[in-house]
Amino acid sequence: MSGPLPGVLDEPGRADARARELREQIDRHNLLYYVLDAPEIDDAAYDRLFAELQAIEAKYPDLINTDSPTQRVGARAAQGFAEIRHRMPMLSLANAFDEDEVRAFDRRVREGLGLGEDDAPVQYNAELKYDGLAVTLSYENGRFVRGATRGDGEVGEDITANLRTIKAIPMRLLGEPPSSVDVRGEVLMYRADFEDLNRRQQEAGEKIFVNPRNAAAGSLRQLDPAITAARRLRFLAYGVGDDGDWHPTRQSALLDRLRAFGFPVGSPRRVVAGPQGLFAFYAEIQACRASLPFDIDGVVYKVDDRSAQARLGHVARAPRFALAHKFPAEEAITRLLDIEIQVGRTGALTPVARLEPVFVGGTTVSNATLHNEDEIRRKDIRVGDQVVVRRAGDVIPQVLRVLTDRRPADSPLPVFMMPDHCPVCGAATERDETEAVWRCVGGLSCPAQRKRAILHFVQRRALDIEGLGEKLVDQLVDRDLVSSPADLYSLDLATLVSLPRMAEKSAGNVLAAIEAARGKPLSRFLFGLGIAHVGEEVARILAAHFGSLATLMEADWDALMAEKSERQKENARRRQAGEPMLVVPLEGIGPEIAASVAHFFAEPRNRGIIAALERQGVLADAPASAPAPEPAAAGALAGRTFVLTGSLPDLTREQAAEMIRAAGGQVSSSVSRRTDYVVAGESAGSKLTKAQQLGITILDADGLRAMLAQNPDSAQSMHPTEQ
């Protein structure tokens with residue numbers, strides 16, 4: 001039958017009843033096909049039902065509702081995708097690559113639940129780890145209302161129209177669903193559908209996708225839902241975010257209920273006990289991985305008891321109750337054709353392997369990272385070698401090892417040497433003894449570093465030039481309008497307006513922002529220069545110590561490091577004797593940072609750009625002379641190093657850091673054996689754990705207040721909210 005039953009189109013009552021019947025039939029066949037994997041009719045019969053419903057709705061538009069299968073393809077998005085804030089964050093999973101890491105996970109779970117050795121093993125729901133795109137689907141009163149990508153975990157993109165085209169996603173939930181629920185799952189493409197898509201793309205002369213995941217991601221982010229609908233995407237549910245008034249007690253029961261609601265849920269999956277059960281499931285799935293219709297890159301273990309999940313909670317951006325156990329990366333053999341050098345923003349030289357193209361890990365690989373010179377030496381990698389390539393975590397291609405037995409005996413391959421000059425700008429390259437990385441000292445003048453250097457210079461935490469984003473900087477550099485940060489201050493309205501998509505008002509705003517970025521403090525200026533190892537805190541220390549750029553540029557770093565070492569030794573003696581501590585100059589700056597700063601300012605081209613910036617008035621006027629560090633104790637916290645973690649009541653961590661510095665203390669971003677105190681507030685994370693392991697003194701906000709009370713200048717501002 002190719003159309004509606006006789007008389008249906010002529011009688012509105014019969015048309016309404018038949019449309020309802022057709023919608024129920026089509027929804028049922030979608031359930032049989034996508035969820036139960038038990039289709040009862042072929043594609044042609046399904047298409048006839050769909051065509052009949054379309055004909056009825058075309059004759060009677062008032063009968064159309066948003067749940068109708070014919071309405072899965074919506075209107076084209078006008079301006080990209082809007083943002084959606086997730087009602088509950090979409091967290092990532094911690095990864096494990098071997099059995100020891102899985103055992104450690106199980107041990108942490110047991111400790112977190114207070115279980116002893118005599119208690120029963122933890123029950124886990126073991127599931128597949130899909131290689132697709134994570135999404136969240138929101139349902140209100142059983143109806144699909146919106147859907148979004150993971151995004152950054154807090155905010156995703158609204159792709160509701162595209163998700164509606166995926167027939168595996170129910171528009172209405174079956175049974176008695178909760179009044180509100182966010183269902184989490186993965187959008188993916190089956191291998192057979194991927195191959196069919198690429199065949200059609202090739203015939204049409206269009207782009208060929210490298211693997212099903214890329215095809216699914218590209219299809220899901222089309223601005224035209226019709227394009228998404230033409231590509232056969234699937235959906236597999238694996239959990240919930242906000243479950244509203246529905247609170248399933250177990251992960252396994254949750255998945256069973258999602259399936260009853262009409263969602264496809266991946267299999268095999270099962271509840272297992274303890275590490276041995278996890279390992280058995282892992283081995284089973286690894287053995288049948290190739291026979292699955294879709295790609296997976298591992299399995300996922302979740303504590304089955306959801307009340308136990310809640311007790312375990314989360315750390316950083318990952319749950320403590322779940323773990324992704326990844327499969328070993330796929331490997332392949334190919335030939336190393338060449339080793340090329342890439343130069344990064346900070347001048348780091350990275351050797352990259354150019355390979356004979358080889359298919360590995362679901363994609364064709366022609367380049368792979370070699371990391372650094374030490375790694376090349378350790379593996380004895382030489383151009384011309386046959387090498388084993390793998391995709392670490394199925395993502396980053398790398399050379400695993402060399403097949404030395406395949407080297408030609410009569411023609412030795414030359415040993416690779418890192419270049420002594422930058423392949424881009426010709427400046428000298430140097431390697432610090434404390435690290436494995438070679439660097440170009442060309443800095444701001446090196447073209448390879450230019451775009452990233454300029455973007456770093458204009459960012460909010462540096463010179464804060466609003467409007468100079470990546471696209472605009474690309475245009476300015478590509479057209480040779482800007483070759484260094486100093487050139488930004490010579491731009492004019494006519495130049496900016498001549499650029500594509502740059503209106504006069506926007507250009508004026510950029511120029512105003514550039515003009516406002518003059519007279520900046522030394523610390524922000526130094527951070528903006530992008531010197532290797534000089535972050536915001538190091539820049540602040542340098543600015544506070546030297547007081548002026550001229551003094552810093554002419555510093556004798558050998559003498560400074562020697563003085564610092566002597567004071568540290570003296571403080572070690574004073575600490576044992578209970579005597580007042582000396583102020584240690586440049587606390588937090590070691591030989592590696594000192595060498596980086598010295599090399600940067602020794603490069604003539606860098607000094608030339610800095611001189612041009614000074615002529616533009618970018619830097620605030622320096623004091624007449626740089627302040628010299630005090631030789632004796634200054635403040636109650638002199639010589640002490642603090643690390644702040646978590647949220648402190650009544651003040652921000654930035655405010656607390658300034659108060660500590662005002663009392664003569666130092667603030668570090670990482671915990672080490674040189675740390676004296678860790679100030680831990682609410683939701684303190686791994687820094688607190690490390691401090692406890694190292695036996696470092698832990699302070700709360702009151703403890704910090706007590707120490708700062710000994711320093712009047714700091715204590716006065718301990719309650720900024722009360723001023």
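Details of the structure are given in the entry above.
Let us look at the structure shown here. (Residues numbered from 1 in each chain as written. Predicted model: local features only at pLDDT ≥ 70, side-chain atom pairs only at ≥ 80, totals over all residues. Heavy atoms only, no water.)

## Quick look at the packing of aromatic side chains
We apply this condition: Centres within 6.5 Å are what make two rings of Phe, Tyr or Trp a pair, Trp counting through its six-membered ring; a difference in plane orientation under 30 degrees is then read as stacked, over 60 as edge-to-face, and the rest as tilted. Here a strand is any run of E in DSSP of at least two residues, a helix any run of H or I of at least four, and the numbering for each starts at the N terminus. Between buried and exposed lies partly exposed: a residue is buried under 20% and exposed over 50% of the maximum accessible area for its type, with that area taken using a 1.4 Å probe on protein chains only. Charge-over-ring contacts are defined here by two conditions on Lys NZ or Arg CZ: a distance within 6 Å of the ring centre and an angle within 35 degrees of the ring normal.
Under the definition given, this model contains 11 aromatic pairs. Ring plane angle 50° and centroid distance 5.2 Å describe the contact between Tyr282 and Phe327, whose orientation is recorded as tilted. Of the two residues, Tyr282 sits in helix H9 (residues 274–288) while Phe327 sits in the loop between strand S13 (322–326) and strand S14 (331–343), which places them 45 residues apart along the sequence. For Tyr282, a relative accessible area of 11% gives the class buried. Looking at Phe327, the relative accessible area reads 2%, which means it is buried. Every member of this aromatic cluster is reached through a ring pair, and the members are Tyr139, Phe144, Phe235 and Phe263. Above the plane of the ring of Phe50 lies Lys167, whose end atom (NZ or CZ) is 5.8 Å from the centre.

## Comments concerning helix H15 (residues 504–516)
Going by this rule: By this rule the span expected of a helix is its residue count minus one, scaled by 1.5 Å. For this quantity, the arc is that covered by the directions from the helix axis to the C-beta atoms. Residues count as neighbours in contact if any of their non-hydrogen atoms are within 4.5 Å of one another.
Over its 13 residues, H15 runs 18 Å from end to end, which matches the ideal 18 Å to within 8%, given 1.5 Å per residue. Along H15, the residues classified as buried are Ala507, Val510, Ala513 and Ile514. The buried residues of H15 occupy an angular sector of 120° when the element is viewed end-on, so they sit on one face. For H15, the exposed residues lying more than 90 degrees away from the buried face are Glu504, Lys505 and Ala516. Where H15 is buried, its residues touch helix H13 (470–478) and helix H14 (493–497).

## As for the pairing of S13
Rules: Any two strands with at least two DSSP-identified bridges between them are counted as paired.
A large share of S13 lies buried, amounting to five of its five residues. Taking every second residue as pointing to the same face, both faces of S13 are buried, with Ala322, Ala324 and Lys326 on one and Leu323 and His325 on the other. In terms of strand pairing, strand S2 (residues 95–96) meets S13 through two bridges, oriented parallel. If you follow Asn95 over to S13, its bridge partner there is Ala324. In this structure, strand S10 (residues 296–303) lies alongside S13, joined through five bridges in antiparallel fashion. Considered in S13, the bridge of Val300 is made with Ala324.

## Regarding the pattern of salt bridges
Counted only if it meets this: Salt bridge, as used here: a side-chain nitrogen of Lys or Arg that lies within 4 Å of a carboxyl oxygen of Asp or Glu.
Per the counting criterion, the structure on display carries 50 salt bridges. A salt bridge links Arg85 to Glu154; the nearest nitrogen and oxygen atoms lie 4.0 Å apart. Of the two residues, Arg85 is situated in strand S1 (residues 83–85) and Glu154 in the loop between strand S5 (143–149) and strand S6 (155–157); the sequence distance between them amounts to 69 residues. Arg85 sits in the exposed class, given a relative accessible area of 58%. The partner of Arg705 in a salt bridge is Asp702, with the nearest N and O atoms 3.4 Å apart. Taken together, the residues Arg705 and Asp702, both in helix H24 (residues 701–708) and three residues apart, mark about one turn of the helix.

## A look at the sheet that holds strand S24 (residues 697–699)
Convention followed: For helices, the axis comes from a line fit to the C-alpha atoms of the stretch in contact; other axes are also lines fit to C-alpha atoms, and the angle between any two N-to-C directions lies between 0 and 180 degrees.
One open sheet accounts for four strands, arranged S22-S21-S23-S24; its pairing is parallel. Here the strands that pair on one side only, and so sit at the sheet edges, are strand S22 (666–668) and S24. Along the sheet, successive strands turn relative to each other by an average axial angle of 35°, direction set aside. Bridge analysis of strand S23 (residues 677–680) against S24 gives three bridges, and the strand direction is parallel. Paired with Val678 across the two strands is Ile698, which belongs to S24. Contacts from helix H22 (residues 653–662) reach strand S21 (641–645) and S22 within the one sheet, and its direction differs from that of S21 by about 170°. Helix-sheet contacts for helix H23 (residues 686–694) involve S21, S23 and S24, and the interaxial angle to S21 is about 140°.

## Overview of the packing of helix H20 (residues 591–602) against helix H21 (residues 604–615)
Stated formally: Working definition: roughly parallel below 35 degrees, roughly antiparallel above 145 degrees, roughly perpendicular at 65 to 115 degrees, and oblique for all remaining angles.
Where H20 meets H21, the closest approach of the two axes is 5 Å, and the angle between their N-to-C directions is 75°. Taken together, the axes of H20 and H21 lie roughly perpendicular to each other. Contact with H20, carried on its side by Phe600, Phe601 and Ala602, involves Pro604, Asn606, Arg607 and Ile610 of H21 and no other residues of that element.

## Overview of the sheet that holds S13
Working definition: the strands of a sheet are paired by backbone hydrogen bonds and lie parallel or antiparallel to each other. The five strands are arranged S2-S13-S10-S3-S9 in an open sheet whose pairing can be described as mixed. With partners counted over all chains shown, the strands left at the sheet margins are S2 and strand S9 (270–273), one partner each.

## Some details on the nonpolar core
The test is simple: We call a set of buried residues a nonpolar core when its members are Ala, Val, Leu, Ile, Met, Phe, Trp, Tyr or Cys and they connect through side-chain atoms within 4.5 Å of each other.
With 60 residues, the main nonpolar core has Leu542, Trp557 and Phe601 as its most contacted residues. Top contributing element to this core by residue count: helix H17 (residues 536–546), with six residues. Excluding its chain neighbours within four sequence positions, the residues that come into contact with Phe601 are Leu526, Leu529, Ile531, Leu549, Leu552, Met553, Arg607 and Ile610.

Scope: geometric values only; no functional claims are made or implied.
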